[in-house]
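Here are the chains, one letter per residue:
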Amino acid sequence: MAENYTDPSGNTEAFRAFVNPAEAETPAPAASRTPLLVGAALVVVALVALVAWLALS
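Residues numbered from 1 in each chain as written. Predicted model: local features only at pLDDT ≥ 70, side-chain atom pairs only at ≥ 80, totals over all residues. Heavy atoms only, no water.

### A word on the overall build of the protein chain
Now for step 1: Within the protein chain one finds three helices and zero strands.
Now for step 2: Reading the protein chain from its N terminus to its C terminus gives the helix and strand order α-α-α.
Now for step 3: Within the protein chain, the fraction of its 57 residues that count as buried is 2%.
Now for step 4: Of the accessible surface of the protein chain, which amounts to about 5500 Å², a share of 67% is contributed by carbon and sulfur atoms. (Helix = DSSP H or I, 4+ residues; strand = E, 2+ residues; numbered from the N terminus. Buried < 20%, exposed > 50% of the residue type's maximum accessible area, 1.4 Å probe, protein only. Areas by Shrake-Rupley, 256 points an atom, 1.4 Å probe, with all protein chains shown as cover.)

### Focus: the environment of Ser 32
Now for step 1: On the secondary structure map, Ser 32 appears in the loop between α2 (21-24) and α3 (34-56).
Now for step 2: Within the structure, Ser 32 has its side chain in polar contact with the side chain of Thr 34 (distance 3.3 Å). (Polar contact = N/O pair within 3.5 Å; in protein donor to acceptor, adjacent residues only side chain to side chain.)

### What about a nonpolar patch on the surface?
Now for step 1: Residues Val 43, Leu 47, Leu 50, Trp 53 and Leu 54 make up a contiguous nonpolar surface patch of about 540 Å² in total accessible area.
Now for step 2: Along the chain, the position of Leu 47 falls in helix α3. (Patch = residues over 30% accessible without salt bridge, like charges linked within 9 Å, V, L, I, M, F, W, Y side chains within 5 Å. Salt bridge = Lys/Arg side-chain N within 4 Å of Asp/Glu carboxyl O.)

### Re the confidence of the model for the protein chain
Now for step 1: Averaged over all residues, the pLDDT of the protein chain is 81; the fraction at 70 or higher stands at 75%.
Now for step 2: When mean pLDDT is taken per element in the protein chain, α3 scores highest with 95 and α2 scores lowest with 60. (pLDDT = per-residue confidence, 0-100.)

Next comes the structure, spelled out in structure tokens:
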């Protein structure tokens, strides 16, 4: 056993963290998808403009 081993039953907070490790970690907030949608819309507009320009020339 390691020298710096801490018994999780030593206090209530350590025991709860040992029993429920998922509760101790807070999930990261979901990344915003707005920049992706705006970028995709700009690509579509650019492609439509390119096809229209090629069709009219």
